[in-house]
Amino acid sequence: MLKKIGIGVAVLVVGLVVLVATRPSTFTVERSASINAPADVVYAQVADFHGWAAWSPWEKLDPALKRTYEGAPSGQGAIYRWVGNDKVGEGRMTIVGAKPGEQVEIKLEFIKPFEATSQTLFTFKPTGDATQVTWTMNGNNNFMAKLVTLFVNFDASVGGDFERGLAALKTVAEDEAKKRAAAAAAPKPAEAGAPPPAPAQ
């Protein structure tokens with residue numbers, strides 16, 4: 001009896017391993033949104049990690065999240081480290097490529113609760129008065145990641161986070177664009193205090 005149970009368990013384990021092995025070895029998650037702001041305004045919100053707290057979908061998951069900023073203040077070379085609860089874990093992001101107003105490339109490294117490395121890319125494409133922002137993440141699926149995909153729709157889960165993040169980024173960038181437009185339209189100090197023009201003779 002025990003021998004039969006052991007054989008049955010072994011068959012199940014082998015079957016699971018084979019099933020997991022058939023899962024994709026790589027993944028890609030991509031979402032886009034149209035933001036009514038110039039590309040340089042949207043780019044600035046992404047290229048500066050100090051501003052991520054205003055729109056990142058994961059920043060609100062841990063009110064006590066610990067953040068550390070290193071390297072360049074923004075753009076290529078900027079580094080952001082975080083340590084949080086079990087919802088956000090621990091990790092590091094490094095901007096490895098940046099073209100102002102065009103794209104931001106980030107190396108995303110998870111440390112806890114599991115180790116994994118992914119590549120994230122933001123692209124900004126002007127479309128009339130708006131900017132089409134595309135957020136893409138690519139990576140490799142190890143055995144554990146493949147096992148998880150049997151029970152979790154990774155694209156739907158992470159893609160949902162991307163959608164919420166892009167919606168928040170839209171709000172932040174459009175507000176910033178309005179502020180810049182208002183500042184540009186406001187009379188300069190010299191103009192405000194200048195005497196009215198002399199009447200025509």
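Look above for the structure.
Residues numbered from 1 in each chain as written. Predicted model: local features only at pLDDT ≥ 70, side-chain atom pairs only at ≥ 80, totals over all residues. Heavy atoms only, no water.

Participant: How would you explain the overall build of the chain if you had to name every residue and give the values?
Facilitator: Summing up its helical and strand segments, the chain has five helices and seven strands in all. Reading the helices (α) and strands (β) of the chain from amino to carboxyl end gives α-β-α-β-β-β-β-β-β-α-α-α. Counting only residues that meet the buried cut, the chain has 33% of its 201 residues in that class. A separation of at least 24 residues holds for 53% of the contacts in the chain among residues at least 6 apart in sequence. Carbon and sulfur atoms form 61% of the exposed surface of the chain, whose accessible area is close to 12200 Å². (Helix = DSSP H or I, 4+ residues; strand = E, 2+ residues; numbered from the N terminus. Buried < 20%, exposed > 50% of the residue type's maximum accessible area, 1.4 Å probe, protein only. Contact = heavy atoms within 4.5 Å. Areas by Shrake-Rupley, 256 points an atom, 1.4 Å probe, with all protein chains shown as cover.)

Participant: Residues and numbers for the pattern of salt bridges, please.
Facilitator: Enumeration according to the criterion identifies nine salt bridges in this entry. Of the charged contacts, one joins glutamate 59 and arginine 67 as a salt bridge, the two residues approaching to 2.7 Å between their closest N and O atoms. Judged by its relative accessible area of 6%, glutamate 59 is buried. The shortest N-O distance in the salt bridge between arginine 81 and glutamate 70 comes to 2.7 Å. Remark: glutamate 70 occurs in strand β2 (residues 66-71) and arginine 81 occurs in strand β3 (residues 78-83); sequence separation between them is 11 residues. The class of arginine 81 is partly exposed, set by a relative accessible area of 30%. (Salt bridge = Lys/Arg side-chain N within 4 Å of Asp/Glu carboxyl O.)

Participant: Outline unusual backbone geometry, supporting the account with residue identities and numerical values.
Facilitator: Residue proline 113 follows lysine 112 across a cis peptide bond; omega there is 5°. Within the fold, proline 113 resides in the loop between β5 (103-112) and β6 (116-127).

Participant: Can you tell me about the nonpolar core, naming the residues and giving the values?
Facilitator: The biggest cluster of nonpolar side chains holds 35 residues, and the ones touching the most others in it are Val104, Phe122 and Phe124. When contributions to this core are tallied by element, the ones reaching two or more residues are β1 (26-35), α2 (39-47), β3, β4 (90-99), β5, β6, β7 (130-140) and α4 (154-185). If we skip the residues at most four places from it in the chain, phenylalanine 124 touches Ala39, Val42, Tyr43, Val46, Gly101, Glu102, Gln103, Val104, Thr131, Gln132 and Val133. (Core = buried A, V, L, I, M, F, W, Y, C linked by side-chain atoms within 4.5 Å.)

Participant: So what's going on with the packing of aromatic side chains? Which residues, and what values?
Facilitator: With the rule as written, the count across this model stands at 14 aromatic pairs. On the numbers, 4.5 Å between centres and 45° between planes, the contact of tryptophan 52 with tryptophan 55 is tilted. On the basis of relative accessibility, which here comes to 2%, the residue tryptophan 55 falls in the buried class. Seen in terms of ring centroids, tryptophan 58 and phenylalanine 162 are 6.4 Å apart; in terms of plane orientation they differ by 75°. Their pairing is edge-to-face. (Phe/Tyr/Trp six-rings, centres within 6.5 Å; stacked < 30°, edge-to-face > 60°.)

Participant: An account of α2 is needed here, citing residue identities and associated values.
Facilitator: Structural remark: α-helix, 3.6 residues per turn; residues separated by three or four positions point the same way. Most of α2 is tucked away, with seven of its nine residues classed as buried. Regarding α2, the residues found buried are Ala39, Val41, Val42, Tyr43, Gln45, Val46 and Ala47.

Participant: How would you explain the pairing of β5 if you had to name every residue and give the values?
Facilitator: As defined by bridge partners, β4 adjoins β5 across nine bridges and the pair is classed as antiparallel. In the strand pairing of β5, arginine 92 is matched with glutamate 109. The pairing of β5 with β6 spans eight bridges and is antiparallel. Residue pairing in the sheet places isoleucine 106 in a bridge with threonine 120 of β6. In this antiparallel pair of consecutive strands, β5 and β6, the connection spans three residues. (Pairing = 2+ DSSP bridges.)

Participant: Please provide a residue-by-residue account of the pairing of β4, values included.
Facilitator: As paired strands, β3 and β4 are joined by five bridges and run antiparallel to one another. When the sheet's bridge partners are listed, valine 83 is paired in β4 with glutamate 90. What sits between β4 and β5 in their antiparallel hairpin is a turn of three residues, with glycine 101 showing a positive phi close to 75°.

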